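An overview of the molecular structure
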Amino acid sequence: MIKITKISGIVLLGLGLTTIQAKQMQKYEVKSAKIEYELKGSSDIMGMVTVKSIGKKRVLIDNYGEREIVEVSKIKKANGKVSKTHTFRYINGTTAYGVDFEKNFIHRNTNYMGDTFGLGSDEKTLKKYHKKIGTDTVAGKPCDIWRFATSMTGCIYKGLPLRSTINGKV
């Protein structure tokens, strides 16, 4: 009977650690999502350089962010010169793959999770480093507006950024 109790205790401890590890891998509070962003930006640097950019970003999330695909296509115009970028990132657990189609470059590295605005997506972490300044609705989803470092704000729904702005421009 004593041996069974010890084995049961070890099994329960193992199951508990597995549950804790699975919870730590949860980057988002939703199991799966597909988000498409419209990217727009412009700036005027000391009246000498005007930069305008447009693009699209597509994010697919599975298993609370353990698996994630991010594809970004952008066109940037600066002083008559046009540059295009097209990148693709695939995260599967602790491995991340990146592709830059313009540079014909593929890389693989370790993914440390929690790269939503660089610090993680749970509200406790957000409160520690950033300030909640209001609420809004984006695409029919209620979200909390957070002010991040400098002049960036983001509307976050269950850990997912639904909208972000820099210098007050959407």
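Here goes a summary of the coordinates provided. (Residues numbered from 1 in each chain as written. Predicted model: local features only at pLDDT ≥ 70, side-chain atom pairs only at ≥ 80, totals over all residues. Heavy atoms only, no water.)

1. A short note on the overall build of the chain
For the chain, the helix and strand inventory stands at two helices and 10 strands. N-terminal to C-terminal, the α/β element order of the chain is α-β-β-β-β-β-β-α-β-β-β-β. Here the chain, with 170 residues, has 26% of them falling under the buried criterion. A separation of at least 24 residues holds for 31% of the contacts in the chain among residues at least 6 apart in sequence. Accessible area of the chain: about 12100 Å², with a carbon and sulfur share of 57%. (Helix = DSSP H or I, 4+ residues; strand = E, 2+ residues; numbered from the N terminus. Buried < 20%, exposed > 50% of the residue type's maximum accessible area, 1.4 Å probe, protein only. Contact = heavy atoms within 4.5 Å. Areas by Shrake-Rupley, 256 points an atom, 1.4 Å probe, with all protein chains shown as cover.)

2. Looking at the environment of Val 82
In this fold, Val 82 is placed in strand 4 (residues 81-92). Of the residues examined, Val 82 reaches a relative accessible area of 52% and is grouped as exposed. Placed 31 residues apart in sequence, Val 82 and Val 51 show a C-alpha to C-alpha distance of 9.9 Å. Ignoring sequence-local partners within four residues, the contact set of Val 82 consists of Ile 75, Lys 76 and Lys 77.

3. Considerations on unusual backbone geometry
Where the residue is not glycine, phi is negative for most of them; where a peptide bond is considered, it is trans in most cases. The phi torsion at Asn 63 lies on the positive side, around 50 degrees, for a residue other than glycine. Tracing the chain through its elements places Asn 63 in the loop between strand 2 (49-62) and strand 3 (67-78).

4. Quick look at the environment of Lys 27
Structurally, Lys 27 is set in the loop between helix 1 (2-24) and strand 1 (33-45). Residue classification places Lys 27 among the buried residues on the basis of a relative accessible area of 5%. Expressed as a C-alpha distance, the spacing of Lys 27 and Lys 158, which sit 131 residues apart in the sequence, is 9.7 Å. A polar side-chain atom of Lys 27 sits 3.5 Å from a polar atom in the side chain of Tyr 28. (Polar contact = N/O pair within 3.5 Å; in protein donor to acceptor, adjacent residues only side chain to side chain.)

5. Quick word on the sheet that holds strand 8 (residues 141-147)
In spatial order, the strands read 7-8-9-10; together these four strands make up an open sheet with antiparallel pairing. What marks the edges here is a single partner per strand, and that holds for strand 7 (131-138) and strand 10 (160-166). Across the sheet, the mean angle from the axis of one strand to that of its neighbour is 25 degrees, orientation sign disregarded. As paired strands, strand 7 and strand 8 are joined by seven bridges and run antiparallel to one another. Residue Lys 132 lies in a different strand from strand 8, and its bridge partner there is Trp 146. (Pairing = 2+ DSSP bridges. Axes fitted to C-alpha atoms, helices over the stretch in contact; angles between N-to-C directions.)

6. Some words on the sheet that holds strand 5 (residues 95-100)
Read across the sheet, six strands follow the order 1-2-3-4-5-6 without closing on themselves; strand pairing throughout is antiparallel. Strand pairing shows two members of the sheet lacking a second neighbour, strand 1 and strand 6 (105-110), which therefore form its edges. Across the sheet, the mean angle from the axis of one strand to that of its neighbour is 15 degrees, orientation sign disregarded. Where strand 4 lies against strand 5, six bridges are found, and the strand directions are antiparallel. Residue Thr 87 lies in a different strand from strand 5, and its bridge partner there is Asp 100.

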